[in-house]
Amino acid sequence: MKILVTVKRVEDPEAKIKVKPDGTGIVTEGINYKVNPFDEIAVEEGLRLRDAHGGEVVIVSCGSEASTTEVRSALAMGADRGILVKTDQTLDPDAVARILVKLVEQESPDLVIMGKQAVDDDQNQAGQRFAQYMGWGQATQASKRANLESEDEKARKPGLVISGETVEVTREVDGGLEDVRLKLPALVSADLRLNLPRYASLPGIMKAKKKPFQNLTPEELGVDITPKITAKRFLSPPMRQAGEMVPDVPTLIKKLAEEAKAI
Amino acid sequence: MAEFQCDVRDLKFALLEQARIEKLFDHPRFEELDRDTVEAILDEAYKFARNQMAPMNPIGDREGASFDPATGKVTMPAPFKETYDLYTANGWLGFVHNPDYGGQGMPYSLGMAVNDLFFGGCLSFSLGPLLTTGAAHLIETFGNDELKKIYLENMYTGKWTGTMCLTEAGAGSDVGAVRARARKEGDYYLIEGEKIFISFGEHDLSENIIHAVLARTEGAPKGTRGISLFLVPKTRVNADGTLGEDNDVKCTGIEHKMGIHASPTCTLTFGENGRCKGWLLGEENKGMRAMFQMMNEARIQVGLQGASLANAAYQYSLQYAKERVQGKDILAGKGSPDVTIDRHPDVRQMLLQQKAIGEGTRALLLRTGFFLDMAEVSTDPEEKERYNGLVELLTPIAKGYSTDQGFKATELAIQVLGGYGYLSEYPVEQYMRDMKIASIYEGTNGIQALDLIGRKLPARDGADMKNLIGMMTKSVQPHASHPLLAADVAIFTKARDALVAGATHFAKVGRDRPLSPILNATAFLDLMGSVVVGWLLLEQALIAWPRFEDICRAKNVDALDSKATRGICEEDPDAAYLHDKIKVAQFNARRNLALCPAKAAILQAGDESAMEAML
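Residues numbered from 1 in each chain as written. Chains lettered and ligands numbered in written order. Predicted model: local features only at pLDDT ≥ 70, side-chain atom pairs only at ≥ 80, totals over all residues. Heavy atoms only, no water.

## A look at the overall build of chain A
In terms of regular secondary structure, chain A is built from eight helices and 12 strands. With the principal axes as the frame, chain A shows a C-alpha extent of 70 × 45 × 40 Å. Split into buried and exposed, the 263 residues of chain A put 46% on the buried side. Pairs at least 24 residues apart make up 74% of the contacts formed inside chain A by residues separated by at least 6 positions. Computing the positive centroid from 37 side-chain charges and the negative centroid from 41, chain A places the two 2 Å apart. (Helix = DSSP H or I, 4+ residues; strand = E, 2+ residues; numbered from the N terminus. Buried < 20%, exposed > 50% of the residue type's maximum accessible area, 1.4 Å probe, protein only. Contact = heavy atoms within 4.5 Å. Lys, Arg positive; Asp, Glu negative; His and termini not counted. Charge placed at Lys NZ, Arg CZ, Asp CG, Glu CD.)

The following block contains the structure:
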């Protein structure tokens, strides 16, 4: 089976993000970038399914030339080939969804796996929009019942169960888990507890450079990426104010009621 | 707060900007490497060190390896096996070793950078792989084809581990006193004796353990000239590579130590029942020569442990100091808000001293690794000899100076944390305890100092020292009128001259007063280490400066205007990194390098009171 997995280049979640003084974006100098952590989980799931069912895992990223690094990291984990849709413009989730539609028309995968959201702008939209455009079934926030310390996990057993023309997915929902069955082809987006992504091996890193890698542009795919959402201004969250010591409980209650209006 | 952090930016800087290992990529052996791949390898190694190794470091410290006297078995703390399997499966163990035998064939310099991360992640774990590759490399160099075929691939891939069995109860620093015996029986020998302090001599990480054992054959000459080297498996290996009979090697106990608790330090008995077979590596009575190959590699790796743990401790104390609020800014008035302790001048000094030690010794180790690579790939015999000479000269410095100073850096990290640093709840005291062994094993630092003055300085009529001095001068001298660093270049020049004076003095007085150089060997090692590390830090600053200028120019700011550049550094971590490369070099020049003339004067003064004291 052919599995298409998306990866996004995002700022290292541990980096201290600073907003530019003019509010037009964040300061990018000296920031480390890496694969969106949810996408790493998507890649891992793709690899497990390929190892169980045969076929190939194709990695797709949309973004600047620099995103080559993130596609290569996924190839180093063991994916088979990579595609970068190159643009220096800011992409909104709808543009990404429409780029994916075109790629899927070319590649005809049996399954598309994405991270449920990217940790930079936390939109959680591209997958849903893509599935809607395709008219496919979608299972977002894919998880599994086995925990991440289980023997199944150690044996790298896939969380998604593919049988014939369907895939069964356990989803994270408010207050619990939900099992759904989708007809293939389908879209699945990965949540945190679907698996523990593998480390790339040294031979994997060396091989990644030699794997097939295709560069495309939105123009070549005929996709208009003019954003429908634009960021007007970036602001840092307000500094936390210092706490105040109150002499007794009645004062606390009074303040909570009158000043904070919390009760 | 993250338990283990490494400034990978600094690792990349020392490797790619300073040592410029890209030169190696033209060589056919490394043609598959490029800058991006090197960075990808370091990023992945960091990920592994942080996510897989570092979490088990405190567990290893708390639980330690455990020994069962009834069975002679050693059990490692629970997470070690899983990590070992991942570590070996991902190709990290044979990183720099021969691809014909399952190694990955990477440059030493890059291997050192990777080990910098792994040692910082969990030192006790990393010793197993280090000993394994050390023993395997001995087999590769001195073993016959049959031994290579049976053992090498299984060791470079980590399926079997290895050890170095030198020390006996009566033979520590004096290896010549080894008493273990070997009796020839056809194509093998029967080994008998007891070895102590054998790291990873017994454990449950791999299915077999291959010991490299020093022993005496019958009628061998006394001392180091009568020592031979043997390959002794824990379990014998059949001709088809499957495991056969038990080989009569027994672990009779493990030591309780100050640090590296998860590295089992074993007492091993060989041939208690007269059935322990060993196979000769190299020739009879040539064991010491073979052992020196292993020891030189291992000494550089031990030096790296000093740099690595110094950096790990520094990073932790730096993060802590940035978060811990205590006291007021000393220049601010009463009623001013409390500040984080990184604002206090004394704490800042301690942090910068740690940074100078950590990043300076790291630069030393990576540069030594690069010289080792150049010596290997060079086809010009003269160039090859020059690089080999530099490696030999720098090895005792890399080992002795880095571990002495590295220990100080871990101790300073505890001091920065204050009372909390003294608690086992915080990781810095473990770094200090784990680190202490590095100044002792693989030849104590006293032995390193004797090696430096006795063998390395006079070797090739002092040509290696001349090369090193020439190399330092060439890189620093053109900057004598540098707009920012001229004064620091001048301090370095004086320190360098002091080093030359010290070395020349030894050559002069050695004949008349043979004790004088020996009494001052350690002082000389310290002097030379200070000069070499001071040079490397200064060289880094000289590389950083034009880049820092470029960033400032792009923002229309004068790079020499420290008030104006502060804003740029606050906005741009890359500018801040380069800025602090300059500051740490200046700090080191003014507070450490500046002491070198006094250090040289001390060793020329000829004090012998230690010999005169009654004690």
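There's more to say after this.
## Points about the overall build of chain B
Within chain B, the regular secondary structure consists of 20 helices and 14 strands. For 615 residues, the compact-globule formula gives about 25 Å, and the C-alpha radius of gyration of chain B, at 25 Å, lands near that figure. Referenced to the eigenvectors of the C-alpha coordinate spread, the extents of chain B come out at roughly 80 × 60 × 55 Å. Considering chain B as a whole, with its 615 residues, one finds that 59% of them fall into the buried category. Long-range contacts, defined as pairs at least 24 residues apart, comprise 74% of the intrachain contacts of chain B with a sequence gap of at least 6. Accessible area of chain B: about 24,900 Å², with a carbon and sulfur share of 52%. (Rg over C-alpha atoms; globule rule 2.2 N^0.38 Å. Areas by Shrake-Rupley, 256 points an atom, 1.4 Å probe, with all protein chains shown as cover.)

## Remarks on the nonpolar core
Judged by nonpolar contacts, the single largest core of 238 residues is most densely connected at Ile 41 and Phe 524 of chain B. With 20 residues, the single largest contributor to this core is helix α16 (residues 521-554) of chain B. Not counting the four nearest positions on each side in its chain, Ile 41 of chain B is found in contact with Leu 202, Ile 205 and Met 206 of chain A together with Leu 33, Trp 92, Phe 95, Met 106, Leu 110 and Val 114 of chain B. Among the nonpolar cores identified, the runner-up in size contains 26 residues, and Ile 83, Leu 91, Leu 100 and Leu 221 of chain A belong to it. (Core = buried A, V, L, I, M, F, W, Y, C linked by side-chain atoms within 4.5 Å.)

## Remarks on the packing of α16 of chain B against helix α17 (residues 562-571) of chain B
Residue and element names in this part refer to chain B. Direction vectors running N to C along α16 and α17 enclose 95°, while the axes themselves pass 11 Å from each other. On the basis of their axis angle, the class for α16 and α17 is roughly perpendicular. Side by side, α16 and α17 meet where Phe 548, Ile 551 and Cys 552 of the first sit next to Thr 565, Ile 568 and Cys 569 of the second. (Axes fitted to C-alpha atoms, helices over the stretch in contact; angles between N-to-C directions. Parallel < 35°, antiparallel > 145°, perpendicular 65-115°, else oblique.)

## Some points on the interface of chain A and chain B
Contact residues are listed per partner, giving 18 residues for chain A and 27 residues for chain B. Of the roughly 1,900 Å² buried where chain A meets chain B, counting both sides, 55% is carbon and sulfur surface. If you sort the residues of chain A by the area they bury against chain B, Tyr 199, Leu 202 and Met 206 of chain A come out on top, with a joint share of 38%. Summed over the shared surface of chain A and chain B, the number is four salt bridges. Put simply, Glu 32 of chain B and Lys 210 of chain A hold a salt bridge, and the shortest N to O gap is 3.2 Å. For the pair chain A and chain B, the number of links is nine residue pairs in polar contact (both at pLDDT 80 or more). Per element, the largest residue contribution to the side of chain A that touches chain B is four residues, and it comes from helix α6 (residues 202-208) of chain A. Tallied by class, residues from the side of chain A that touches chain B come to eight nonpolar, two polar and eight charged. (Buried area = accessible area lost by both parts, 1.4 Å probe. Salt bridge = Lys/Arg side-chain N within 4 Å of Asp/Glu carboxyl O. Polar contact = N/O pair within 3.5 Å; in protein donor to acceptor, adjacent residues only side chain to side chain. Nonpolar A, V, L, I, M, F, W, Y, C, P; charged D, E, K, R; others polar.)

## A word on a nonpolar patch on the surface
A surface patch of nonpolar side chains, amounting to about 450 Å² of accessible area, comprises Val 249, Leu 252, Ile 253, Leu 256 and Ile 263 of chain A. Take Ile 253 of chain A: it is sitting in helix α8 (residues 249-258). (Patch = residues over 30% accessible without salt bridge, like charges linked within 9 Å, V, L, I, M, F, W, Y side chains within 5 Å.)

## Topic: the pattern of salt bridges
Summed over the entire model, instances satisfying the criterion amount to 65 salt bridges over all chains. Arg 48 of chain A is paired through a salt bridge with Glu 153 of chain A; the nearest N and O atoms lie 2.7 Å apart. Note that Arg 48 of chain A is positioned in helix α1 (residues 37-53) and Glu 153 of chain A in helix α5 (residues 151-154), a separation of 105 residues in sequence. The residues Arg 48 of chain A and Glu 153 of chain A share a single accessibility class, namely buried. Note that Glu 168 of chain B and Lys 195 of chain B form a salt bridge whose closest N and O atoms lie 3.0 Å from each other. Pair noted here: Glu 168 of chain B is in the loop between β3 (160-165) and β4 (181-185) and Lys 195 of chain B is in strand β5 (residues 188-199), with a separation of 27 residues, a long-range link. Across this residue pair, the class does not change: Glu 168 of chain B and Lys 195 of chain B are buried.

## Brief notes about the environment of Ala 142 of chain A
Residues and elements named next belong to chain A. Relative to the assigned elements, Ala 142 resides in strand β7 (residues 137-143). Taking relative accessible area as the criterion, Ala 142 reaches 0% and is therefore assigned buried. Excluding its chain neighbours within four sequence positions, the residues that come into contact with Ala 142 are Leu 160, Val 169, Thr 170, Arg 171, Val 188, Ser 189, Ala 190, Asp 191 and Leu 194.

## Brief notes about the environment of Ala 262 of chain B
All names here are of chain B. For Ala 262, the location among the structural elements is in the loop between β10 (249-254) and β11 (265-270). Spatially, the C-alpha atoms of Ala 262 and Val 38 are 30 Å apart, while their sequence positions differ by 224 residues. Setting aside its immediate chain neighbours within four residues, Ala 262 contacts Gly 60, Gly 64, Ala 65, Met 76, Pro 77, Phe 80, Ser 124 and Phe 200.

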